[in-house]
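# Results of the structural survey
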Amino acid sequence: MLEYGRVVLTLSDVLLPAEKLYPNPTPSMNEGLSYDIEYDLRLIGCELIQTACLLLKLPQTAVATGQVLFHRYFYSSSFVRRQMEIVAMACTNLAAKIEENARRIRDVINVFNHIKQVRSGKTIYPLLIDQVYIDRKGEVIKAERRILKELGFCVYVKHPHKMITVYLKVLEKEREKDLVQTAWNYMNDSLRTDVFLRFTPETIACACIDLAARSLQIALPKSPPWYVIFGARANEVHFIMFSILRLYRHRPKSIEELEKLVNAVREKKEDERKKPRTDVIQSTELGNTSPPQPIAQNSISSTITNTTMTVIEHDVATVISTTQEVTNITTTTTTTSTTNTTNGKSSKRHERGTSRESSTVNTHRYHRSRRRRSSTRSRSSSQSSSRSSNHRSHKKKKTSHRSRSRSRSSTPRKRKHQKDKRHRSRSSNLRRKDKKRRSRSSSPEENHYSNNNKHPLSTKDTNNNLHQRSHHHSSKHSNGVSTSSSHKKLKN
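On a predicted model such as this, the values are computed, not experimentally measured, just so you know.

### So, the overall build of the protein
Scanning the protein for helices and strands turns up 17 helices and zero strands. For the protein, buried positions account for 27% of its 492 residues. Looking at the protein alone, contacts between residues at least 24 apart form 75% of all its contacts between residues at least 6 apart. Of the accessible surface of the protein, which amounts to about 35300 Å², a share of 54% is contributed by carbon and sulfur atoms.

### Comments concerning the packing of helix 3 (residues 60-73) against helix 4 (residues 84-98)
Relative orientation of the contacting elements helix 3 and helix 4 amounts to 135°, with a least axis distance of 8 Å. Relative to helix 4, helix 3 is oriented oblique. For the pair helix 3 and helix 4, the crossing hand works out as right-handed. The residues of helix 4 that touch helix 3, namely those facing Ala-62, Thr-65, Gly-66, Leu-69, Phe-70 and Tyr-73, are Met-84, Val-87, Ala-88, Cys-91, Leu-94, Ala-95 and Ile-98. Classifying every residue of the contact of helix 3 with helix 4 gives eleven nonpolar, two polar and no charged.

### Points about the nonpolar core
In globular proteins that are soluble, nonpolar side chains generally tend to be buried together. Core analysis: the largest hydrophobic core is formed by 45 residues, its most contacted members being Leu-33, Leu-41, Phe-70 and Ile-147. Elements supplying a minimum of two residues to this core: helix 2 (35-55), helix 3, helix 4, helix 5 (105-120), helix 6 (131-151) and helix 11 (255-286). Among the elements that take part in this core, helix 4 stands out by supplying nine residues, more than any other. When near neighbours in sequence (up to four residues on either side) are disregarded, Leu-41 contacts Leu-33, Phe-70, Phe-79, Met-84, Leu-258 and Val-262. Core analysis: the next-biggest nonpolar cluster, separate from the first, contains 37 residues, Tyr-167, Ile-204, Leu-211 and Ala-212 among them.

### Comments concerning a negative patch on the surface
Residues Glu-267, Glu-270, Asp-271 and Glu-272 make up a contiguous surface patch of negative charge. With respect to the element layout, Glu-270 can be found in helix 11.

### A closer look at the pattern of salt bridges
In total, this model carries eleven salt bridges according to the counting rule given. Between Lys-116 and Glu-85 there is a salt bridge; the shortest N-O distance is 3.8 Å. Note that Lys-116 is positioned in helix 5 and Glu-85 in helix 4, a separation of 31 residues in sequence. We classify Glu-85 as buried; its relative accessible area is 15%. Arg-214 is the salt-bridge partner of Asp-210, the closest N and O atoms lying 3.6 Å from each other. Note that Asp-210 and Arg-214 are positioned in helix 9 (residues 201-216) at a spacing of four residues, about one turn of the helix. Residue Asp-210 is classed as buried on the basis of its relative accessible area of 8%. The class of Arg-214 is partly exposed, set by a relative accessible area of 48%. Overlapping salt bridges, with partners in common, bring together Glu-31, Arg-81 and Lys-269 in one network.

### Some points on the packing of aromatic side chains
Within the structure shown, the criterion is met by eleven aromatic pairs. Pairing Tyr-167 with Phe-230 gives two aromatic rings, centres 3.9 Å apart and planes at 25°, and the pair type is stacked. Here the residue Tyr-167 occupies a position in helix 7 (residues 161-170), and Phe-230 occupies one in the loop between helix 9 and helix 10 (234-249), the gap between them amounting to 63 residues. Geometrically, the ring pair formed by Trp-226 and Phe-230 is edge-to-face, given 6.3 Å between the ring centres and 75° between the ring planes. Of the two residues examined, Trp-226 and Phe-230, each falls in the buried class.

### Here's the deal with helix 8 (residues 177-190)
The terminal C-alpha atoms of helix 8 lie 20 Å apart, and with 14 residues this matches the ideal 20 Å at 1.5 Å per residue to within 8%. Where helix 8 is buried, its residues contact helix 3, helix 7, helix 9 and helix 10.

### Observations regarding the confidence of the model for the protein
When pLDDT is averaged across the protein, the result is 74; 58% of the residues are at 70 or more. Below a pLDDT of 50 lies the segment residues 289-305, which in the model reaches four contacts outside its immediate sequence neighbourhood of four places, other chains included. Every residue in residues 404-409 is under pLDDT 50, and counting partners more than four places away or in other chains gives four contacts.

### Focus on unusual backbone geometry
With omega at 20°, the peptide bond leading from Tyr-22 into Pro-23 counts as cis. Take Pro-23: it is sitting in the segment before helix 1 (27-30). A cis geometry characterises the amide bond from Ser-223 onward to Pro-224, with omega recorded as -10°. Following the sequence through the fold, Pro-224 ends up in the loop between helix 9 and helix 10.

### A few points about the packing of helix 8 against helix 10
Here helix 8 crosses helix 10 at 80°, and the two axes come no closer than 10 Å. The pairing of helix 8 with helix 10 is recorded here as roughly perpendicular in orientation. In this structure, helix 8 contributes Tyr-186, Asp-189 and Ser-190 to the contact, and helix 10 contributes Ile-244, Leu-247 and Tyr-248.

Reading the values: rules and limits
- Residues numbered from 1 in each chain as written.
- Predicted model: local features only at pLDDT ≥ 70, side-chain atom pairs only at ≥ 80, totals over all residues.
- Heavy atoms only, no water.
- Helix = DSSP H or I, 4+ residues; strand = E, 2+ residues; numbered from the N terminus.
- Buried < 20%, exposed > 50% of the residue type's maximum accessible area, 1.4 Å probe, protein only.
- Contact = heavy atoms within 4.5 Å.
- Areas by Shrake-Rupley, 256 points an atom, 1.4 Å probe, with all protein chains shown as cover.
- Axes fitted to C-alpha atoms, helices over the stretch in contact; angles between N-to-C directions.
- Parallel < 35°, antiparallel > 145°, perpendicular 65-115°, else oblique.
- Left-handed = near helix turned anticlockwise from the far one by under 90°.
- Nonpolar A, V, L, I, M, F, W, Y, C, P; charged D, E, K, R; others polar.
- Core = buried A, V, L, I, M, F, W, Y, C linked by side-chain atoms within 4.5 Å.
- Patch = residues over 30% accessible without salt bridge, like charges linked within 9 Å, V, L, I, M, F, W, Y side chains within 5 Å.
- Salt bridge = Lys/Arg side-chain N within 4 Å of Asp/Glu carboxyl O.
- Lys, Arg positive; Asp, Glu negative; His and termini not counted.
- Charge placed at Lys NZ, Arg CZ, Asp CG, Glu CD.
- Phe/Tyr/Trp six-rings, centres within 6.5 Å; stacked < 30°, edge-to-face > 60°.
- Expected span 1.5 Å × (residues − 1).
- pLDDT = per-residue confidence, 0-100.

Written out as structure tokens, the structure is:
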């Protein structure tokens, strides 16, 4: 049975085994990078994380987690394959998330760009949102995923800062602020080294307190040593103290020089990878070596060609047999068709003549019907056009009459004038009717008497009276009195 590996996630198992740590070869040493360059890259990466966290206003716990994750990752991966700056960005972003003080990736990238410009002495300008920024952002996100994958999502970091205050209270030195502050500073500086991957936080706290007491010349119990109470060992405390003091004596190289050295190592590795390919190609061309893969491919190709040739021969034989059968069938069909044609030549000629006659008759009929249809359509169109023109002229007349009547009766003076004309016409009609009635009602004797006994002035009087009566009658009729009532009054 195969045995599979497993990942154990426990809070106590946060230290790396001694097999992975220096002086044993690290992944970057296996790639051809010296330990001094690796040490400088670790220092510079941790400094970048610390300054970026200060500018992003993150707590010290986030700084500590970011630096510890940075050291852990590069003990499982090399600086040759991965860029130090991008991994530092990913560690700061991941540490801010772990400590529940998340920041945007854009802010992290801008801060690292600002630090790089300040250190190189270039003019400070903000990072533009272009393709370079988009690529950098994608690289940071991918690096964050790689960190989680390599560490197995074991990102827990136990911070020893609180232990310093507890241990000083036990030693009754908590009131000495200088001692507390220097021990705290040594603790923050020790994060740049790989001490947190080698020893427990308790031993690191004891080493920082002892180093601070020695630098300030504060006496602490030595026989037995005071840190034995907290489970620390002398050799471990001394190793931590020496590793912290080495930071102050060592001066790392600049980032540009380290990048050049790392790029040179990368180019060497690429050349070494390309060399075996070129050697194999040259050997195959010269014929000195016979690699096994081409032979196997040749044998496979020969078998494939043999099988294809057999299949093609079988197919050709089947095709030839089918073509022979088809030719036989066609010969039989042609003989039968010739016999049928000799017997039915005369009948076909007669049918052709009759079909020609019928076709001419049909064409004549078709043309006649088409002419009739065209004539009927032209007539109907002319009638419809005349009707439409008459209808439009009639409409125009109506509209003109209406517009005239409206224009005439628009003003109130014109309306009064029209009313007066109507009254005059009615009064004249009434006068005529009265004359006719009088002529009918009067007898011939009376008329004779009246004509004989006329006075020269009487004619004028009668005319005046008639004129007054007609005017009176017309005024009453206009006020709503009927003609019959006015006639009765005149008789009386």
